[in-house]
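Read off the chains here:
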Amino acid sequence: MPSHLFADRPAPQPPERDAVEALINRTRLLRGDVDAVRRDTSVVDDDPQLRWQRALCELAVHQLDDLGEHLGQLRDGISDPADAGTVSEAAPRTTPEPSPGSLVGRVGSGEWNLLTDEVSWSDELYQIFGREPGTDPLSLDQLPSLLLAEDQPLLTTMVTDCLVDGRPMDGEFRILLPDGSIRTLHMMGEPVLDTDGCTASMWAVLRDVSRLRRSQHVVGRTRNALRSREERARAEHRVAVEFQEAVLPPWRGSLPVPGRGANGLDIAAHYQPSGSSDLIGGDWYDALPLPDGGTLLTVGDMTGHGVPATSAMAMLLGALRGMAVAGIAPGAVMGHLNQLIECSAQPALGSAVCCHFDPATNTLAWAQAGHPAPLLFRDGMGRPLPAPDGVLLGAASGVSYEQDQVNLLPGDVLLLHTDGLTRRNDRSACLDALIGLAPRFAQARTAQDCVRIVVEELGSTERLDDACVLVARVGA
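Residues numbered from 1 in each chain as written. Predicted model: local features only at pLDDT ≥ 70, side-chain atom pairs only at ≥ 80, totals over all residues. Heavy atoms only, no water.

### Quick notes on the overall build of the protein chain
Part 1 of the argument: A tally of helices and strands in the protein chain yields 10 helices and 16 strands.
Part 2 of the argument: Across the 476 residues that make up the protein chain, the buried fraction comes to 42%.
Part 3 of the argument: Long-range contacts, defined as pairs at least 24 residues apart, comprise 64% of the intrachain contacts of the protein chain with a sequence gap of at least 6.
Part 4 of the argument: Summed over its atoms, the accessible surface of the protein chain is roughly 24800 Å², and 53% of this surface lies on carbon and sulfur atoms. (Helix = DSSP H or I, 4+ residues; strand = E, 2+ residues; numbered from the N terminus. Buried < 20%, exposed > 50% of the residue type's maximum accessible area, 1.4 Å probe, protein only. Contact = heavy atoms within 4.5 Å. Areas by Shrake-Rupley, 256 points an atom, 1.4 Å probe, with all protein chains shown as cover.)

### Points about unusual backbone geometry
Part 1 of the argument: At Asp117, a residue that is not glycine, the phi angle is positive and equals roughly 60°.
Part 2 of the argument: Mapped onto the fold, Asp117 is located in the loop between strand E1 (107–113) and strand E2 (119–121).
Part 3 of the argument: Backbone geometry at Asp379 places phi at a positive 55°, although glycine is not the residue there.

### A few points about the sheet that holds strand E8 (residues 281–289)
Part 1 of the argument: With antiparallel pairing, 5 strands are arranged side by side in an open sheet as E8-E9-E10-E11-E14. Edge strands, defined here as strands with exactly one partner in the open sheet, are E8 and strand E14 (404–407). With direction set aside, neighbouring strand axes in the sheet form an average angle of 15°.
Part 2 of the argument: Packing of helix H7 (residues 330–343) onto the sheet brings it into contact with strand E9 (295–305), strand E10 (350–358) and strand E11 (363–369), and relative to E11 it is tilted by some 25°. (Pairing = 2+ DSSP bridges. Axes fitted to C-alpha atoms, helices over the stretch in contact; angles between N-to-C directions.)

### Some thoughts on the pairing of strand E12 (residues 375–378)
Part 1 of the argument: Bridging between E12 and strand E13 (residues 381–384) involves 4 bridges; their strand directions are antiparallel. Within E13, the position partnered with Phe377 by the bridge is Gly382.
Part 2 of the argument: Turn length for the E12-E13 hairpin, with the two strands adjacent in sequence and antiparallel, is 2 residues, and the turn residue Asp379 shows positive phi of about 55°.
Part 3 of the argument: The pairing of E12 with strand E15 (residues 413–417) spans 3 bridges and is antiparallel.

### Some details on the packing of aromatic side chains
Between two aromatic rings, the relevant description is the distance of the centres plus the angle of the planes.
Part 1 of the argument: Here the structure, examined in full by the defined rule, presents 3 aromatic pairs.
Part 2 of the argument: Their ring planes at 65° and their centres at 5.3 Å tell us that Trp121 and Tyr126 sit as a pair that is edge-to-face.
Part 3 of the argument: Trp121 sits in the buried class, given a relative accessible area of 8%.
Part 4 of the argument: Each member of the aromatic cluster is reached from another via a ring pair, and the members are Trp121, Tyr126 and Phe129. (Phe/Tyr/Trp six-rings, centres within 6.5 Å; stacked < 30°, edge-to-face > 60°.)

### Notes on the sheet that holds strand E5 (residues 199–208)
Part 1 of the argument: Strand order across the open sheet formed by 5 strands is E2-E1-E5-E4-E3, with antiparallel pairing between neighbours. Each of the sheet's edge strands pairs with one partner strand only, and the pair in question is E2 and strand E3 (169–176). The sheet shows a mean angle of 25° between the axes of neighbouring strands, direction not considered.
Part 2 of the argument: In the sheet, E1 pairs with E5 via 7 bridges, with the strands oriented antiparallel. The residue of E5 that forms the bridge with Gly110 is Ala204.
Part 3 of the argument: Relative to E3, helix H4 (residues 152–165) is tilted by about 145°, and along the sheet it contacts E3, strand E4 (182–193) and E5.

### Some details on helix H6 (residues 307–325)
Part 1 of the argument: With 19 residues, H6 extends 27 Å between its outermost C-alpha atoms, agreeing within 8% with the 27 Å of an ideal straight helix rising 1.5 Å per residue.
Part 2 of the argument: Taken residue by residue, H6 has Ala309, Thr310, Ala312, Met313, Ala314, Leu316, Leu317, Leu320, Met323 and Ala324 as its buried positions.
Part 3 of the argument: Two residues or fewer past H6, Gly327 is found with a positive phi of approximately 90°. (Expected span 1.5 Å × (residues − 1).)

### Considering the pattern of salt bridges
Part 1 of the argument: Within the structure shown, the criterion is met by 12 salt bridges.
Part 2 of the argument: Residue Asp151 pairs with Arg174 through a salt bridge whose shortest N-O separation is 2.8 Å. Here Asp151 is found in the loop between helix H3 (123–129) and H4, whereas its partner Arg174 is found in strand E3, with 23 residues between them in sequence.
Part 3 of the argument: The residue Asp286 makes a salt bridge to Arg321 at a minimum N-O spacing of 2.5 Å. With a gap of 35 residues between them, Asp286 in strand E8 and Arg321 in helix H6 connect regions that are remote in the sequence. (Salt bridge = Lys/Arg side-chain N within 4 Å of Asp/Glu carboxyl O.)

### Some thoughts on helix H10 (residues 447–458)
Part 1 of the argument: Between its terminal C-alpha atoms H10 stretches 17 Å, which fits the 16 Å expected from 12 residues at 1.5 Å a residue.
Part 2 of the argument: Among all positions in H10, only Ala447, Cys450, Val451, Ile453, Val454 and Leu458 are buried. Down the axis, H10 shows its buried residues gathered within 155° of arc, on one side only. (Arc of directions from axis to C-beta.)

### Re the state of the cysteines
Part 1 of the argument: Per the stated rule, a full pass over the model turns up 0 disulfides.
Part 2 of the argument: No disulfide involves Cys354; its sulfur sits 6.7 Å from that of Cys355, the nearest cysteine.
Part 3 of the argument: For Cys354, a relative accessible area of 3% gives the class buried. (Disulfide = S-S within 2.5 Å.)

### Observations regarding the side chain of Gln368
Part 1 of the argument: The residue Gln368 is located in strand E11 in this model.
Part 2 of the argument: At a separation of 2.9 Å, a polar atom in the side chain of Gln368 contacts the main-chain amide nitrogen of His371.
Part 3 of the argument: Here the side chain of Gln368 touches Gly390 through a polar contact of 3.4 Å, landing on its backbone oxygen. (Polar contact = N/O pair within 3.5 Å; in protein donor to acceptor, adjacent residues only side chain to side chain.)

Okay, structure coming up:
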């Protein structure tokens, strides 16, 4: 039903048919591109990010479908100049039947005459309200009865403002259909004035926006789920960082150890975060002077990230420190740590190196659990120490861990590290890169200089995991 025009309004000029056709083609191309993105977006039930992205794509497709159908109606209403006068009265133009769910069946119009109480509805408006064509259309007094109770005041206010104050109508409300389903309608209308400027009738266009609102609801719900997941991730990240800061040694860089110099150790360490600051792993390092005059040196890595990894790391490092202070040898320490994981309610898997340095004899006793062996640098050359047998912590029950011993010389540099120093956590690539630093270590004067060399060489690479480096230099 065409909109009524005031007498003083200029008649609008219809758009060019070619221009509308060009807009339709552009809309179709854009719709195809968006639909391709939607198909490429895989749906993972436990990933709110992907669900939200797909919901946005589906909403965009719905809106582009509506835009395309609007433009199609606009085009079909524009007469082609080449066809002007060629259609005879005997062959009237027919309108194709709308497809189910198309925009044609979701937009209708109506007019309510205040002078004659006559009501006129388009066929589409009957379809929108679920009423049979030919039945009496609803008056303005009857219309609110179809609305949900909480939406009735909104319609009453819109109609009153339109008829009394001459304001245009623009709002949405929900109706209850005869089959019990609920439909959301968007209503736009305006008063129609007579020659005296008084309101003679009200004209309105109603559009069924139920599909659009459902799509928007899905977008909102998935967006809220994504935000909730991000908030949980931030909270877990804070807890993981607090765990890590509370458990790792309070010293950073160089550690003063009694007996430093002759028959002592110069120790320095560094924690290198992953390329993504959101990934807090279970890597640890520690150096601890012991009651027997020796020094504990250890690094380790628990699998996983976040609170589970850092809490497991806190448990094992605390137990390791206690057993070292109690004088338990490194091989036995590894066995007890493995038993501790077996007894824990939360399953865990990790690797570790535990070393005990005796300054009186310059001997290093050490054991490992599925971890890269310490690297020994001497006279400008570097090599990994032969590794005693030892499986990953938590991988098997009732296993024993061998212990080995090596004599260190003044000026020797011992380097302990965790995986993650290289881009792909490639142990062979990491080993080759570290061994290649031997000539520079020979020129270094302190353990801190050696750590700085490692960070300069490998610290700038993009890593998938965090890493720890601990360097102990035997006093000359």
